[in-house]
Amino acid sequence: MTSPLCLVYDDGHGGVTVKLYHLEGCPYCRLVRDKLDELGLSYEVIEVPPEHHRRTEVIKVSGQPLVPVLVDGDLVLDDEEKILAYLAQRYGRGLPRGEGPDTPWDEEPVCLDGG
Ligand SMILES: N[C@@H](CCC(=O)N[C@@H](CS)C(=O)NCC(=O)O)C(=O)O
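Read on for a plain summary of the structure. Computed from a predicted structure; not experimentally measured.

Right, let's get into the packing of helix α1 (residues 27–39) against helix α3 (residues 80–91). Two elements in contact, α1 and α3, have axes whose closest approach is 10 Å; the angle formed by their N-to-C orientations is 5°. By the angle between their axes, α1 is roughly parallel relative to α3. Across the interface between the two elements, Tyr28, Leu31, Val32, Lys35, Leu36 and Leu39 from α1 touch Glu80, Ile83, Leu84, Leu87 and Tyr91 from α3. For the contact of α1 with α3, the per-class residue count stands at nine nonpolar, no polar and two charged.

Once that is clear, we can look at the nonpolar core. Counting residues in each nonpolar core, the largest one holds 19 residues, and the members touching the most others are Leu20, Val32, Leu70 and Ile83. With five residues, the top contributor of residues to this core is α3.

Turning our eyes to something else, we now look at the site of the ligand. Surveying the vicinity of the ligand reveals the residues Leu23, Cys26, Pro27, Tyr28, His52, Leu66, Val67, Asp79 and Glu80. The residue makeup of the shell around the ligand, split by class, is six nonpolar, one polar and two charged.

Okay, the environment of Pro65 next. Tracing the backbone shows Pro65 in the loop between α2 (56–62) and β4 (69–72). The exposure class of Pro65 is partly exposed, given the 18 C-beta atoms found within 10 Å. The spatial distance from the C-alpha of Pro65 to the C-alpha of Arg55 is 6.2 Å, given a sequence separation of 10 residues. Residues within four places of Pro65 in sequence aside, it is in contact with His52, Arg55, Val58 and Ile59.

Here we take up the environment of Val45. Mapped onto the secondary structure, Val45 falls in strand β3 (residues 42–47). Along the chain, Val45 and Val18 lie 27 residues apart, while their C-alpha atoms are 8.7 Å from each other.

So, on to unusual backbone geometry. At the junction of Val67 and Pro68, the peptide bond is cis and its omega measures out at 10° in the coordinates. On the secondary structure map, Pro68 appears in the loop between α2 and β4.

The rules behind the values
Residues numbered from 1 in each chain as written. Predicted model: local features only at pLDDT ≥ 70, side-chain atom pairs only at ≥ 80, totals over all residues. Axes fitted to C-alpha atoms, helices over the stretch in contact; angles between N-to-C directions. Helix = DSSP H or I, 4+ residues; strand = E, 2+ residues; numbered from the N terminus. Parallel < 35°, antiparallel > 145°, perpendicular 65-115°, else oblique. Contact = placed C-beta atoms within 7 Å. Nonpolar A, V, L, I, M, F, W, Y, C, P; charged D, E, K, R; others polar. Core = buried A, V, L, I, M, F, W, Y, C linked by C-beta atoms within 7 Å. Buried ≥ 20, exposed ≤ 12 C-beta atoms within 10 Å, placed from the backbone. Near = placed C-beta within 6 Å.

Dropping the structure here:
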């Protein structure tokens, strides 16, 4: 059995590193990576195999085989809509209250750009 490919994209800002379970060619994964790049976050990409039955690590982490899955500390998110909303709220300028899906976090947005 081959190990998942792990790549670390480090923007040099240090600090937070999140993990992204990813499949090459997956448009939902691309959206999440674009958002991570836009926010300037360091992130580790864990490439999952194309076959569901071989996605043992992402199933163990998230309880299901689909990607993208984002892991930020103890938080695991398994849908790109939730992930994008979380990233915007946690690391970006945030979403207006009441917008976006129900979220499992209740922290105030953190703005890294001082905005
Ligand atoms: N998160 C999306 C679905 C995500 C999704 O379908 N991801 C694809 C990759 S783009 C996947 O993992 N599909 C399983 C497969 O194609 O084997 C949703 O819940 O609507």
